[in-house]
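# Secondary and tertiary structure notes
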Amino acid sequence: MSPFPARLLADDEEVVVDLHPHWKRLIVPALLVPTIVGVASYLVFVVPHGATRVPLRWTIAVVAVLLLVRFSAWPFSKWLTTRYVLTNRRVVIRTGVFSRTGRDIPLTRVNDVSFRHSLVDRMLGCGTLTIESAGEHGQVVLPEVPTVEHVQRQVLRRAEEESLRVSRAADTASS
């Protein structure tokens, strides 16, 4: 997977954490591939002989491909195009396969960062990260963040560092 593009970063900005949602989101789509292929293969071979055999086989193949695209390829594409990026200046969220949606939260505006995870999430090492920021949008919830506790600590640490940097820069400018 490609790293977050450097052209989207400011001159003094560095990527701290670059993540996709947790791989657990891909379990069901991955399990559907052999299931759909197996059922479709079985159905293709049990189609009775006759005039309708070829059209039925094509119909089964087309339906199987449509099911694979909708329930396996599409979730994988969504997973692949969803990014949670933490830099030393902001939190960047990008989603979307065909149309893209993005949100940037400057670390100086972060008020609170919390996480939660269920027992299953704890076993898999992921959870939901909630970032509360000053502004009109208020809160962003990032589901299925890998190593959520680590990411939460990193966001808090980087937010504190950024606030100190901005206040030192303001002090220097006023002197």
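Below you will find a few notes about this structure. (Residues numbered from 1 in each chain as written. Predicted model: local features only at pLDDT ≥ 70, side-chain atom pairs only at ≥ 80, totals over all residues. Heavy atoms only, no water.)

### Points about the pattern of salt bridges
Under the convention used in this document: Definition used for salt bridges: Asp or Glu carboxyl oxygen within 4 Å of a side-chain nitrogen of Lys or Arg. Per the convention used, a helix needs a DSSP run of H or I reaching at least four residues, while a strand needs a run of E reaching at least two, with both numbered from the N terminus. Relative accessibility thresholds used throughout: buried, under 20% of the residue-type maximum; exposed, over 50%; partly exposed, between the two (1.4 Å probe, protein chains only).
Tallying each qualifying case throughout the model produces 11 salt bridges. Asp 104 serves as the salt-bridge partner of Arg 94, at 2.8 Å between the closest nitrogen and oxygen. Linking Arg 94 in strand β3 (residues 90-95) with Asp 104 in strand β4 (residues 101-106), this pair joins segments that are 10 residues apart in sequence. Given the relative accessible area of 34%, Asp 104 is considered partly exposed. With a closest N to O distance of 3.6 Å, Arg 158 and Glu 161 form a salt bridge. Of this pair, Arg 158 and Glu 161 both sit in helix α4 (residues 148-174), three residues apart, which is roughly one turn of the helix. On the basis of relative accessibility, which here comes to 17%, the residue Arg 158 falls in the buried class. Each member of the salt-bridge network shares a partner with another, and the members are Asp 12, Arg 89, Glu 162 and Arg 165.

### Comments concerning the side chain of Glu 13
Put simply, the rule reads: Polar contact is the term for a pair of N or O atoms within 3.5 Å; when the atoms are in protein, one must be able to donate a hydrogen and the other to accept it, and sequence-neighboring residues count only if both atoms are side-chain atoms. Residue contacts are defined here by distance: any two heavy atoms, one from each residue, within 4.5 Å place the two residues in contact.
Among the secondary structure elements, Glu 13 is positioned in the segment before β1 (15-19). A distance of 2.7 Å separates polar atoms of two side chains, one belonging to Glu 13 and the other to Thr 87. Looking at Glu 13, its side chain comes within polar contact range of the side chain of Arg 90, at 2.6 Å. Not counting residues up to four positions away in its chain, the partners in contact with Glu 13 are Leu 8, Thr 87, Asn 88, Arg 89 and Arg 90.

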